[in-house]
Amino acid sequence: MIKVGSDLFGAASDVLVGGVNSPARAFKAIGIPPVFIDRGEGPYIYDTENRRYIDYIQSWGPMILGHCHPQVSEALHRAVDKGTSFGAPTVAETEMAKRVQGFFPSMEKMRFVSSGTEATMSAIRLARGATGRRKILKFEGCYHGHADSLLVAAGSGALTLGEPDSKGVLADLAQHTLTAPFNDLDTVKAIFERWGDDLAGVIVEPVVGNMGVVLPQPGFLAGLRQSCDDYGALLILDEVMTGFRVGLNGAQALYDCKPDLTVLGKVVGGGLPCGVYGGRADIMAHVAPEGGVYQAGTLSGNPLAMAAGIITLDILKTADAFAMAEKQCQQLVVGIKEIITSHSVPATIQSVGTMWTLFWCPDPIHNLTDAKRSDLAQFRTFYKAMLRQGIYMAPSQFEANFVSAVHTEENIDSTLTAIRTYCQTVR
Ligand SMILES: *Cc1c(COP(=O)(O)O)cnc(C)c1O
């Protein structure tokens, strides 16, 4: 049993619900207290007892340049010295928007907010407001933040209305969210045939990260685009995770799928709280103050978030940082594949760009039902062995791991060595 953080977790639990400020951090799926982080540096994080870990969580995605990147830190220091919030327009917001648009030309107009949740929630309200329709379609296993309309599970049986996936979400609201299995165009078509006239939009993670990395099958995204066009519904690509992770221009470029609205978060804020939604100018014109869909934020477009975002996007654009991250990720994935094949380990690795998940399941994963076939006991044992070796991965089978631009070949090699040693023991 690893002792890491146990006393600290006890103290935290006295005052913080569940000892954490976001449930995924609690390590519940592993059954040990979470590691308490003191600081980060490049590809590493250090716990409160100065133990060093190679970080594959990267704050759940944002830290693609690693921790404390000198240029990001410098930009932040400069921004702090000018004042941390004004609640008034700053030039940095325009500069940041131009950069986002450079990577995502489909975002003709945009609005900055403070989190991915806020951005998806606002995009859903906008889709409803702009179309005058009530229903939205999402996919099982996709996570779009914790807004009420999106914390919805499939009803029992095919083609049933959605049900709340959290206490406190009203069934009256959840029934307007329909769900389909990821990669299942037949169900999508059936839903459109039944509810198409009342469907405001379809929201999807174009590559799913939130059930572990699951790729869209050829034709899936194009099929969603087609159905939306046939029925006048809006296609919302939730690229909060994939935005600068599957490729610099997101999954929409990688899979050639043009959305009506895009949602970004995580990397776009360079490690500070920031989200953004945007898309077709005629749709965005419905957002206040131009239009009648209300959405606002005291800290939206915050100067620190803009400073961190601008420098992060500039480094990604000019310094080949993304290619570095992708190369290291590829090396890791190829290495893991070789290990699980040569040791006949019942596992599958799935990845794209700088994201990867090792599923403890021998077959490829195409949807949530597949993902749930994973051997969670095996995952737990593996996880604890990796943590002991100083390798910090997402503490759940159903999450993505990330590689940054500053992970070194030595980091990748030592990770592979630890995985190989572990796999020699798996039967
Ligand atoms: C993380 C995430 C969100 C929510 O973002 P927060 O900043 O945590 O609110 C939404 N959608 C996707 C795809 C995500 O990965």
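Residues numbered from 1 in each chain as written. Predicted model: local features only at pLDDT ≥ 70, side-chain atom pairs only at ≥ 80, totals over all residues. Heavy atoms only, no water.

A.B. asks: Looking at this structure, I do not really get the site of the ligand. What am I missing?
C.D. replies: Every residue near the ligand is listed here: Ser-115, Gly-116, Thr-117, Tyr-143, His-144, Gly-145, Glu-205, Asn-210, Asp-238, Val-240, Met-241 and Lys-266. A distance of 3.1 Å is found between an oxygen atom of the ligand and a side-chain nitrogen or oxygen belonging to Asn-210. Here a nitrogen atom of the ligand and a side-chain polar atom of Asp-238 are 2.7 Å apart. Burial of the ligand by the protein amounts to 82% of the accessible area it has alone, namely 380 Å². Here the shell around the ligand is composed, by residue class, of three nonpolar, six polar and three charged. (Near = heavy atom within 4 Å. Polar contact = N/O pair within 3.5 Å; in protein donor to acceptor, adjacent residues only side chain to side chain. Areas by Shrake-Rupley, 256 points an atom, 1.4 Å probe, with all protein chains shown as cover. Nonpolar A, V, L, I, M, F, W, Y, C, P; charged D, E, K, R; others polar.)

A.B. asks: Sorry, what's going on with the side chain of Lys-135 here?
C.D. replies: By secondary structure assignment, the location of Lys-135 is in strand E5 (residues 135-140). Buried and unpaired, Lys-135 has no salt bridge, with Asp-198 as the nearest side chain of opposite charge at 4.3 Å. Apart from the residues lying within four places of it in its own chain, the contact partners of Lys-135 are Leu-161, Gln-175, His-176, Leu-178, Trp-195, Asp-198, Leu-199, Ala-200 and Gly-201. (Helix = DSSP H or I, 4+ residues; strand = E, 2+ residues; numbered from the N terminus. Buried < 20%, exposed > 50% of the residue type's maximum accessible area, 1.4 Å probe, protein only. Lys, Arg positive; Asp, Glu negative; His and termini not counted. Salt bridge = Lys/Arg side-chain N within 4 Å of Asp/Glu carboxyl O. Contact = heavy atoms within 4.5 Å.)

A.B. asks: Would you take a moment to explain the side chain of Thr-415 for this structure?
C.D. replies: Here Thr-415 shows up in helix H14 (residues 409-423). Those residues in contact with Thr-415, other than ones at most four positions away along the chain, are Ile-54, Tyr-56, Leu-332 and Ile-391.

A.B. asks: Looking at this model, I keep getting lost on the sheet that holds strand E15 (residues 391-392). Mind explaining?
C.D. replies: Backbone hydrogen bonds hold the strands of a sheet together, and the pairing may be parallel or antiparallel. In spatial order, the strands read E1-E2-E3-E15; together these four strands make up an open sheet with mixed pairing. At either margin of the open sheet sits one strand with a lone partner, and together these are strand E1 (37-41) and E15. Strand direction decides the pairing type here: strand E2 (residues 44-47) and strand E3 (residues 52-55), joined by three bridges, are antiparallel. Note that in E3 the partner of Tyr-44 across the bridge is Ile-54. (Pairing = 2+ DSSP bridges.)

A.B. asks: Looking at this structure, how should I read the pairing of strand E8 (residues 177-181)?
C.D. replies: In regular strands, side chains alternate between the two faces of the sheet. Along E8, four of the five residues are buried, which leaves the element largely enclosed by surrounding structure. Note that E5 and E8 share five bridges and pair parallel. Paired with Ile-136 across the strands is Thr-177, a residue of E8.

A.B. asks: Before we go on, may I ask you to explain the environment of Asp-198 in this structure?
C.D. replies: With respect to the helices, strands and loops of the structure, Asp-198 is situated in the loop between helix H6 (185-195) and strand E9 (199-204). Owing to a relative accessible area of 18%, Asp-198 belongs among the buried residues under this scheme. Taking the C-alpha atoms as reference points, Asp-198 and Ile-136, separated by 62 residues in sequence, lie 8.5 Å from one another. Those residues within four positions of Asp-198 in sequence are excluded, and the remaining contacts are Arg-133, Arg-134 and Lys-135. Engagement of the side chain of Asp-198 in a polar contact is seen with the side chain of Arg-134, the distance being 2.9 Å.

A.B. asks: I tried to follow the layout of surface pockets on my own but got confused; where do I start?
C.D. replies: Looking at the second largest pocket, its volume works out to about 570 Å³. Considering the residues around the second largest pocket, the lining is formed by 27 residues, among which Glu-93, Met-110, Arg-111, Phe-112 and Pro-289 are closest to the centre. Tallying contributions element by element places strand E4 (residues 109-113) first for the lining of the second largest pocket, with four residues. The class makeup of the residues in the lining of the second largest pocket is 13 nonpolar, nine polar and five charged. (1 Å grid on protein atoms, 1.4 Å probe; cavity = no way out; pocket = protein on both sides within 12 Å on 5 of 7 lines; lining within 4 Å. Points joined across faces, edges and corners; volume = space filled by probe spheres on them.)

A.B. asks: Quick question: what am I supposed to make of the domain arrangement of the protein chain here?
C.D. replies: As assigned here, the protein chain comprises domain 1 (6-68 + 320-423) and domain 2 (70-318). A separation of 25 Å is found between the C-alpha centroids of domain 1 and domain 2. At the junction of the two partners, domain 1 supplies 32 residues and domain 2 supplies 34 residues. Note on domain 1 versus domain 2: buried area summed over both sides is about 2400 Å², and carbon and sulfur give 65% of it. The interface formed by domain 1 and domain 2 includes zero salt bridges. At the junction of domain 1 and domain 2, the tally comes to eleven residue pairs in polar contact (both at pLDDT 80 or more). Sorting the residues of the side of domain 1 that touches domain 2 by element identifies helix H11 (321-342), strand E13 (348-352), strand E14 (355-359) and helix H12 (368-371) as the ones contributing at least two each. Top contributing element to the side of domain 1 that touches domain 2 by residue count: E14, with four residues. Of the residues in the side of domain 1 that touches domain 2, the class split is 19 nonpolar, ten polar and three charged. (Domains from an automatic or database assignment. Buried area = accessible area lost by both parts, 1.4 Å probe.)

A.B. asks: Could you clarify how one ought to interpret the packing of helix H3 (residues 91-103) against helix H10 (residues 303-318) in this entry?
C.D. replies: Working note: a packed helix pair is described by the angle between its axes plus the distance between those axes. Following both chains from N to C, one finds H3 and H10 inclined at 35 degrees, their axes separated by 9 Å at the closest point. Two packed elements cross with a definite hand, and for H3 against H10 that hand is left-handed. Each of Ala-92, Glu-93, Glu-95, Met-96, Arg-99, Val-100 and Phe-103 in H3 lies in contact with H10, whose residues at this interface are Met-306, Gly-309, Ile-310, Leu-313, Asp-314 and Lys-317. Split by residue class, the contact of H3 with H10 holds seven nonpolar, one polar and five charged. (Axes fitted to C-alpha atoms, helices over the stretch in contact; angles between N-to-C directions. Left-handed = near helix turned anticlockwise from the far one by under 90°.)

A.B. asks: Is there a simple way to explain the sheet that holds E14 in this structure?
C.D. replies: Across the sheet, which stays open at both edges, the three strands sit in the order E13-E14-E16 with antiparallel pairing between neighbours. Edge positions in the sheet fall to E13 and strand E16 (401-402), since each has one partner strand and no second. Here E14 pairs with E16 via two bridges, running antiparallel. Bridging from a neighbouring strand, Trp-356 pairs with Asn-401 of E16.

A.B. asks: Can you help me understand the nonpolar core in this one?
C.D. replies: In a soluble, globular protein the nonpolar side chains are often hidden away together inside. The biggest cluster of nonpolar side chains holds 42 residues, and the ones touching the most others in it are Tyr-56, Ile-336, Trp-356, Leu-358, Trp-360, Met-386 and Tyr-392. Every element with two or more residues in this core is listed here: E2, E3, H11, E14, helix H13 (376-388), E15 and H14. If near-sequence neighbours (up to four positions away) are discounted, Leu-358 is found in contact with Ile-336, Ile-340, Ala-347, Thr-348, Ile-349, Phe-382 and Gln-397. Listed in part, the 34 residues of the second largest apolar core include Leu-76, Ala-97, Cys-274 and Ala-307. (Core = buried A, V, L, I, M, F, W, Y, C linked by side-chain atoms within 4.5 Å.)

A.B. asks: What is the right way to read the packing of aromatic side chains from this model?
C.D. replies: For any pair of aromatic rings, the description rests on two quantities: the centre-to-centre distance and the angle between the ring planes. For the structure shown, the criterion picks out 14 aromatic pairs. Here Phe-103 and Phe-244 contribute two aromatic rings whose centre-to-centre distance is 5.3 Å and whose plane-to-plane angle is 85 degrees, an arrangement assigned as edge-to-face. Here Phe-103 is found in helix H3, whereas its partner Phe-244 is found in the loop between strand E10 (234-238) and helix H8 (250-254), with 141 residues between them in sequence. An identical accessibility class is assigned to Phe-103 and Phe-244; each is buried. (Phe/Tyr/Trp six-rings, centres within 6.5 Å; stacked < 30°, edge-to-face > 60°.)

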